[in-house]
Amino acid sequence: MSQLTHINASGEAHMVDVSAKAETVREARAEAFVSMNKETLAMIVDGSHHKGDVFATARIAGIQAAKSTWQLIPLCHPLLLTKVEVTLQALPEHNQVRIESCCRLTGKTGVEMEALTAASVAALTIYDMCKAVQKDMVIGPVRLLEKTGGKSGHFKVNA
């Protein structure tokens, strides 16, 4: 197993120094699911939810969250993201919404946390917008699907 990079020689948490790293194109994709009653999903899909377009709001929340990851996760670097994309798909056969996020930049550190944060906050936004009609929705799993670039190279979840 490799060393934990956010722990220094004294065992203290610290922000990793990436100043000597080469800039490379880095991209990460993550996904999250929100499970709900079929009536709740139908309300989202047909646009009859009284709070408005749930998917549009969740998409914007996910994008905003990716850009703010460094403010939420203590040891993350502030990044100049060049792409953040959040897509939402209704899965009526499973009474779920699937959220996929993609983050990209050219930089010295990866964007996995940004992709995971985008997917998570989009899921939380769906919950927030729909909690008045259903409080027992379930969020999860949230997981990294793929990352490219950097020293660790390419990682992809096997389906």
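Residues numbered from 1 in each chain as written. Predicted model: local features only at pLDDT ≥ 70, side-chain atom pairs only at ≥ 80, totals over all residues. Heavy atoms only, no water.

Caption draft 1: Representation of the overall build of the protein chain within the structure. Counting secondary structure elements, the protein chain contains four helices and five strands. Mapped from its N terminus to its C terminus, the protein chain presents α and β elements in the order β-α-α-α-β-β-α-β-β. Expressed along its principal axes, the backbone C-alpha trace of the protein chain runs to roughly 55 × 30 × 30 Å. Per-residue burial over the protein chain gives 37% buried out of 159 residues. Look at the contacts in the protein chain between residues 6 or more apart in sequence, and 71% of them connect residues 24 or more apart. Considering the protein chain, the positive charge centre built from 17 side chains and the negative charge centre built from 16 side chains are found 3 Å apart. (Helix = DSSP H or I, 4+ residues; strand = E, 2+ residues; numbered from the N terminus. Buried < 20%, exposed > 50% of the residue type's maximum accessible area, 1.4 Å probe, protein only. Contact = heavy atoms within 4.5 Å. Lys, Arg positive; Asp, Glu negative; His and termini not counted. Charge placed at Lys NZ, Arg CZ, Asp CG, Glu CD.)

Caption draft 2: Representation of the UniProt feature "domain: Molybdopterin cofactor biosynthesis C (MoaC)" (unreviewed entry) in the protein chain in the model. Feature annotation in UniProt assigns "domain: Molybdopterin cofactor biosynthesis C (MoaC)" (unreviewed entry) to the following positions: residues 15-150. Annotation note: span residues 15-150, helix share 34%, strand share 32%, distance between end C-alpha atoms 17 Å. (UniProt positions renumbered as here; feature names shortened; annotations may be inferred.)

Caption draft 3: Representation of the UniProt feature "binding site: substrate" (unreviewed entry) in the protein chain within the structure. The residues that UniProt annotates with the feature "binding site: substrate" (unreviewed entry) are L75, C76, H77, M113 and E114. Spanning 40 residues, the annotated positions come together in the fold, the maximum distance between their C-alpha atoms being 12.5 Å. Taking the annotated residues in turn, L75, C76, H77, M113 and E114 line the largest pocket. Tracing the sequence through the fold places H77 in the loop between helix 3 (69-72) and strand 2 (83-91). The contacts of H77, once residues within four sequence positions are left out, are M15, V16, V18, W70, T109 and E114. For M113, a relative accessible area of 34% gives the class partly exposed. Apart from the residues lying within four places of it in its own chain, the contact partners of M113 are T69, I73 and C76. (1 Å grid on protein atoms, 1.4 Å probe; cavity = no way out; pocket = protein on both sides within 12 Å on 5 of 7 lines; lining within 4 Å.)

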